[in-house]
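Breakdown of the fold
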Amino acid sequence: MKVARGILKMLAVLLALVAAAYCIITYWDRICAFFTRIGEALREKKASCPLCTSEYEDYADWD
């Protein structure tokens, strides 16, 4: 009986890994789009951050 439980547990873990891999493969385009949107949002926030400005921007009007 212990052997059967061990085999069933290994089978359950294997099926869970296969399901996770299937979800990643199926939704890869959505995952990439999600992280792209996060990256763009962070870049926009950094661009509008008053503490993140360059010190050389103060001298841009001297040209």
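Everything below is about the structure printed above this text.
Residues numbered from 1 in each chain as written. Predicted model: local features only at pLDDT ≥ 70, side-chain atom pairs only at ≥ 80, totals over all residues. Heavy atoms only, no water.

Quick look at the overall build of the protein now. Within the protein, the regular secondary structure consists of 2 helices and 0 strands. Residues classed as buried in the protein amount to 3% of the 63 residues present. Total accessible area on the protein stands at roughly 6,400 Å², and carbon and sulfur atoms take up 68% of it. (Helix = DSSP H or I, 4+ residues; strand = E, 2+ residues; numbered from the N terminus. Buried < 20%, exposed > 50% of the residue type's maximum accessible area, 1.4 Å probe, protein only. Areas by Shrake-Rupley, 256 points an atom, 1.4 Å probe, with all protein chains shown as cover.)

Moving on to helix H2 (residues 28-47). Given a rise of 1.5 Å per residue, 20 residues ought to cover 28 Å, and the 29 Å separating the end C-alpha atoms of H2 matches this to within 8%. Burial analysis of H2 places just 1 of its 20 residues in the buried class, a small minority of the element. (Expected span 1.5 Å × (residues − 1).)

Turning to the packing of aromatic side chains, a few remarks are in order. Here the structure, examined in full by the defined rule, presents 1 aromatic pair. Taking 5.3 Å as the distance between ring centres and 70 degrees as the angle between the ring planes, the aromatic pair formed by Phe34 and Phe35 counts as edge-to-face. Note on Phe35: relative accessible area 54%, which makes it exposed. (Phe/Tyr/Trp six-rings, centres within 6.5 Å; stacked < 30°, edge-to-face > 60°.)

Orientation of helix H1 (residues 2-26) relative to H2, taken along the N-to-C sense of each, is 65 degrees, at an axis distance of 4 Å. Comparing the axis directions of H1 and H2 gives the class roughly perpendicular. Each of Ile24, Ile25 and Thr26 in H1 lies in contact with H2, whose residues at this interface are Trp28, Asp29 and Ile31. In the contact of H1 with H2, the residues fall into 4 nonpolar, 1 polar and 1 charged. (Axes fitted to C-alpha atoms, helices over the stretch in contact; angles between N-to-C directions. Parallel < 35°, antiparallel > 145°, perpendicular 65-115°, else oblique. Contact = heavy atoms within 4.5 Å. Nonpolar A, V, L, I, M, F, W, Y, C, P; charged D, E, K, R; others polar.)

Right, let's get into a nonpolar patch on the surface. There is a patch of nonpolar side chains on the surface, built from Leu8, Leu11, Leu14, Leu15 and Val18 and spanning about 490 Å² of accessible area. Examined against the element boundaries, Leu15 turns out to sit in helix H1. In this structure Leu15 comes out as exposed when scored by relative accessible area, which is 53%. (Patch = residues over 30% accessible without salt bridge, like charges linked within 9 Å, V, L, I, M, F, W, Y side chains within 5 Å. Salt bridge = Lys/Arg side-chain N within 4 Å of Asp/Glu carboxyl O.)

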